[in-house]
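# Observations on chain architecture
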2 protein chains.
Amino acid sequence: MSLDTPSVKPHDRLKGALANDLDAVGELIRTRMASEHAPRIPEVTAHLVDAGGKRVRPMLTLAAARLCGYDGPYHVHLAATVEFIHTATLLHDDVVDGSEQRRGRPAANLLWDNKSSVLVGDYLFARSFQLMTEAGRLDVLKVLSNASAVIAEGEVLQLTAAQNLATTEDIYLQVVRGKTAALFSAATQVGGMIADAPVEVVQALYTYGDALGISFQIADDILDFAGDTAKTGKNVGDDFRERKLTLPLIKLIASGGDADRDFWVRTIEKGKQQDGDLDHVLTLFEKHGALDAAREDALAWSVKAKTALDAVPQGDLTDMLRDLADYVVSRLN
Amino acid sequence: MSLDTPSVKPHDRLKGALANDLDAVGELIRTRMASEHAPRIPEVTAHLVDAGGKRVRPMLTLAAARLCGYDGPYHVHLAATVEFIHTATLLHDDVVDGSEQRRGRPAANLLWDNKSSVLVGDYLFARSFQLMTEAGRLDVLKVLSNASAVIAEGEVLQLTAAQNLATTEDIYLQVVRGKTAALFSAATQVGGMIADAPVEVVQALYTYGDALGISFQIADDILDFAGDTAKTGKNVGDDFRERKLTLPLIKLIASGGDADRDFWVRTIEKGKQQDGDLDHVLTLFEKHGALDAAREDALAWSVKAKTALDAVPQGDLTDMLRDLADYVVSRLN
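Residues numbered from 1 in each chain as written. Chains lettered and ligands numbered in written order. Predicted model: local features only at pLDDT ≥ 70, side-chain atom pairs only at ≥ 80, totals over all residues. Heavy atoms only, no water.

## Re the overall build of chain A
A count of helices and strands for chain A gives 17 helices and two strands. Here the C-alpha radius of gyration of chain A, 20 Å, is about what a compact globule of 333 residues would show, namely 20 Å. Burial analysis of chain A (333 residues in total) assigns 57% to the buried set. Taking contacts inside chain A between residues at least 6 apart in sequence as the whole, the part at least 24 apart equals 73%. On chain A, roughly 13400 Å² of surface is accessible, and the fraction owed to carbon and sulfur atoms is 49%. (Helix = DSSP H or I, 4+ residues; strand = E, 2+ residues; numbered from the N terminus. Rg over C-alpha atoms; globule rule 2.2 N^0.38 Å. Buried < 20%, exposed > 50% of the residue type's maximum accessible area, 1.4 Å probe, protein only. Contact = heavy atoms within 4.5 Å. Areas by Shrake-Rupley, 256 points an atom, 1.4 Å probe, with all protein chains shown as cover.)

## A short note on the nonpolar core
With 234 residues, the main nonpolar core has Tyr208(A), Trp264(A), Tyr208(B) and Trp264(B) as its most contacted residues. For this core, the domains that each give at least three residues are domain 1 (8–136) and domain 2 (137–309 + 317–326) of chain A. If sequence neighbours within four positions are ignored, Trp264(B) has contacts with Leu165(B), Phe240(B), Leu249(B), Leu252(B), Ile253(B), Glu269(B), Val281(B) and Leu284(B). (Core = buried A, V, L, I, M, F, W, Y, C linked by side-chain atoms within 4.5 Å. Domains from an automatic or database assignment.)

## A look at the relation of the copies chain A and chain B
Between the two copies of the chain lies a rotation about an axis combined with a shift along it. Rotating chain A by 180° and translating it 0.0 Å along the rotation axis places it on chain B, where the RMSD comes to 0.0 Å. Viewed as a symmetry operation, the transformation between the two copies matches a two-fold axis. (Least-squares fit on C-alpha atoms with pLDDT ≥ 70 in both.)

## Some points on the packing of helix 5 (residues 74–97) of chain B against helix 9 (residues 169–194) of chain B
Residue and element names in this part refer to chain B. Following both chains from N to C, one finds helix 5 and helix 9 inclined at 165°, their axes separated by 10 Å at the closest point. Viewed along their axes, helix 5 and helix 9 adopt a mutual orientation that is roughly antiparallel. Between helix 5 and helix 9 lies a crossing whose hand is right-handed. Of the residues in helix 9, those in contact with Tyr74, His75, Leu78, Val82, Ile85 and His86 of helix 5 are Leu183, Ala187, Val190 and Ile194. Of the residues assigned to the contact of helix 5 with helix 9, the class counts are eight nonpolar, two polar and no charged. (Axes fitted to C-alpha atoms, helices over the stretch in contact; angles between N-to-C directions. Parallel < 35°, antiparallel > 145°, perpendicular 65-115°, else oblique. Left-handed = near helix turned anticlockwise from the far one by under 90°. Nonpolar A, V, L, I, M, F, W, Y, C, P; charged D, E, K, R; others polar.)

## So, the domain arrangement of chain A
Residue and element names in this part refer to chain A. Each assigned domain of chain A is listed with its residue range as follows: domain 1 (8–136) and domain 2 (137–309 + 317–326). Computed over C-alpha atoms, the centres of domain 1 and domain 2 are 22 Å apart. With 33 residues of domain 1 at the contact, the number on the domain 2 side is 30 residues. Applying the counting criterion to the domain 1 and domain 2 interface returns one salt bridge. The salt bridge partner of Asp323 is Arg13, with a shortest N-O separation of 3.0 Å. For the pair domain 1 and domain 2, the interface holds three residue pairs in polar contact (both at pLDDT 80 or more). Looking at the side of domain 1 that touches domain 2, the elements with two or more residues in it are helix 1 (10–17), helix 4 (56–67), helix 5 (74–97) and helix 7 (114–134). Take the side of domain 1 that touches domain 2: its biggest share by element is ten residues, from helix 5. When the residues that make up the side of domain 1 that touches domain 2 are grouped by side-chain class, the tally is 21 nonpolar, eight polar and four charged. (Salt bridge = Lys/Arg side-chain N within 4 Å of Asp/Glu carboxyl O. Polar contact = N/O pair within 3.5 Å; in protein donor to acceptor, adjacent residues only side chain to side chain.)

## What about the packing of helix 2 (residues 19–32) of chain B against helix 4 (residues 56–67) of chain B?
All names here are of chain B. Relative to each other, helix 2 and helix 4 sit at 130°, their axes nearing to 11 Å. It follows that helix 2 is oblique to helix 4 by the angle criterion. As helix 2 packs across helix 4, the resulting crossing turns out to be right-handed. Together, Asp21, Leu22 and Val25 of helix 2 and Pro58, Met59, Leu62 and Arg66 of helix 4 make up the contact between the two elements. Classifying every residue of the contact of helix 2 with helix 4 by side-chain character gives five nonpolar, no polar and two charged.

## Details of the pattern of salt bridges
Under the defined criterion, the tally for this structure stands at 38 salt bridges over all chains. When the shortest N-O distance is used, the salt bridge between Arg241(A) and Asp238(A) registers 3.2 Å. Note that Arg241(A) and Asp238(A) are positioned in helix 12 (residues 238–241) at a spacing of three residues, about one turn of the helix. Between Asp297(B) and Lys251(B) there is a salt bridge whose closest N-O contact spans 3.2 Å. Highlighted residues: Asp297(B) in helix 16 (residues 290–308) and Lys251(B) in helix 13 (residues 247–256), separated in sequence by 46 residues.

## Observations regarding the interface of chain A and chain B
Residue-level contacts link 39 residues of chain A with 39 residues of chain B. When the two sides are added together, the surface that chain A and chain B hide from each other amounts to roughly 3700 Å², 76% of it contributed by carbon and sulfur. Ranking the residues of chain A by area buried against chain B places His37(A), Leu119(A) and Glu153(A) at the top, with a combined share of 16%. At the surface where chain A touches chain B, the tally comes to zero salt bridges. Inspection of the chain A/chain B interface yields four residue pairs in polar contact (both at pLDDT 80 or more). Residue assignment for the side of chain A that touches chain B shows that the elements contributing at least two residues are helix 3 (40–49), helix 5, helix 7 and helix 8 (138–161) of chain A. Among the elements that make up the side of chain A that touches chain B, the one with the highest residue count is helix 8 of chain A (14 residues). Taken together, the residues that form the side of chain A that touches chain B break down as 17 nonpolar, twelve polar and ten charged. (Buried area = accessible area lost by both parts, 1.4 Å probe.)

## Things to note about the environment of Ser145(A)
Among the structural elements, Ser145(A) can be located in helix 8. Discounting chain neighbours no more than four positions away, the residues touching Ser145(A) are Phe129(A), Ala126(B), Phe129(B), Gln130(B) and Thr133(B).

## Points about the confidence of the model for chain A
Residues of chain A with pLDDT of at least 70 account for 94%, and the chain-wide mean is 89. Note on residues 1–5 of chain A: pLDDT under 50 across the span, and nine contacts to partners over four residues away in sequence or across chains. (pLDDT = per-residue confidence, 0-100.)

## Quick look at the side chain of Asp239(A)
Residues and elements named next belong to chain A. Secondary-structure assignment places Asp239 in helix 12. Despite its burial, Asp239 pairs with no opposite charge, the nearest such side chain being Lys244 at 4.4 Å. Apart from the residues lying within four places of it in its own chain, the contact partners of Asp239 are Asp221, Asp224, Lys244 and Thr246. (Lys, Arg positive; Asp, Glu negative; His and termini not counted.)

## Quick notes on the packing of aromatic side chains
The tally for this structure, following the rule as stated, stands at twelve aromatic pairs over all chains. On the numbers, 5.1 Å between centres and 70° between planes, the contact of Phe263(A) with Trp264(A) is edge-to-face. Assigned by exposure class, Phe263(A) and Trp264(A) land together as buried. Relative to Phe129(B), the ring of Phe125(B) lies with its centre 5.3 Å away and its plane at 85°, an arrangement referred to as edge-to-face. Separated by four residues within a single helix, Phe125(B) and Phe129(B) lie in helix 7 (residues 114–134), roughly one turn from each other. Taken as a pair, Phe125(B) and Phe129(B) share a single burial class, namely buried. A network of ring pairs unites the aromatic residues Phe125(A), Phe129(A), Phe125(B) and Phe129(B) as a single cluster. (Phe/Tyr/Trp six-rings, centres within 6.5 Å; stacked < 30°, edge-to-face > 60°.)

## With respect to unusual backbone geometry
Residues and elements named next belong to chain A. Residue Arg55 is not a glycine yet carries a positive backbone phi of 55°. Topologically, Arg55 is positioned in the loop between helix 3 and helix 4. A positive phi angle is found at Asp196, which is not glycine, with a value near 55°. One can find Asp196 in the loop between helix 9 (169–194) and helix 10 (199–226). A relative accessible area of 58% means that Asp196 is categorised as exposed.

Here is the structure:
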């Protein structure tokens, strides 16, 4: 975080610097989520879109395009595309997870039904591809369709990896790329591409988005065990209760060896959890230092993200992206 | 059906004429449904793909490209794309409808779970867009992304139109375009486009696919009330029991006027059906001739499909497509 504005989060500074572009993205989203024939579509979409969300992904596209000197209109299309893909995956995730809340509101699958969430998600996904084609760039289409495939693949992998004690850090990384990093990296990458930035700049923007996304997700998974419920709005240990093998747990299980094996088989594999189990997990975290190890990984990815930015044009937006990478892990202090 | 081969269905003649291309499509589908990381994906996909299905949609693309003289490799990509989109929508449809069977096997949502069907459908949808980009044609991408949007929109519309007595023939037509005709027409259209056929030929191929799809769906909806269970494998009156307002029912409700109003409110709107209701519906069909009226519509669309083919290059494939349009409604005799 820069010293002169210690109280303003980098995310909000990006919002200020990109205000006009973000307005254009919001307008495009509102126009394109309409459906002449099926009013259920804008109802469901507006429920999510109006609830806000931080719009991090579209900001990444806008910032990448702008810092590469782009002054055409299509970064707005691509930013809206990225947000549509994100919204579509949220709708489907909430069906898959049986979620009850999203962005502080009842999830769409509860307000309407799973059917509407599945089909409106499909509609937004199709709309996102329509939007992309308008930018007239096949290379951009390839990146975004690849990202969409990685996202879906990661979600399926997460489904089959859950409750599986054999889950490795490699598998975790693939899941995280699908859940978070693939869309982050595609968002920054296509921003550079639409600006016709040199290939090494586009590559650096990809690396930034990828590392930022991974750092962000690891931090999130640490906060699930070490977070302040008042700040995160989530209960400590939800991932343990849901038997999700996130990085902290994978490290913890590996460091315990055979001694704790029975405990993990009962609580994660068989799902037979009882009072006191979470406390025992928290004690094990203390004992083995697995949360600290995960924190080091998150920091390393954050450093990787910042370092990548050395290869792109420098300026205020670049500084804000750098600060964003710091901010993501600052939540861990 | 041509006179010299009365026993061979046009669909099977197309299969013979396009055998090499269809093999290439099958091979491409098998390659691309793979997932390095998530074996659940090819498991679920293979369950559907191996069950067969008639591959009508990819054949439409192949036939359209070939009859326009195309000899490049990309009609195969587009045909596989069309089949992937179709498979993705089947997976999601079965979740939305809570289906128990698909292509004579237990539906994937039962064998695995709804989650897998939603996410694998998303994966195939993303894969279809990847495949499309390989053909390197933005105009084709626009047509197929538009079709995907129309499909999802039609499904949402069907969701909200169900049980609504105010459903008009216009709304029915929009639903049918989404359910069936949008992918048929996109399939034939992109076949012509990849062959660089003149714009009026591409338009005629679009019209053929659109009219064929509508004719096919109306025929299907008629057979729900008038079909031979042994042949169709479906129970008579399923649509009535599920309160789906298909063309025969819409026509029947309109022709009955106020006299039957209470009956429709009770059985369709309120869903309070009892023994004898379906028999009463079948009696009303006799009285008002609504099935015949729907049959006339199906025939008119079939004629429209055949007439459109007058504007495309003539040959064996064109004849088979013409016969296919006849065959679709021949089931009604």
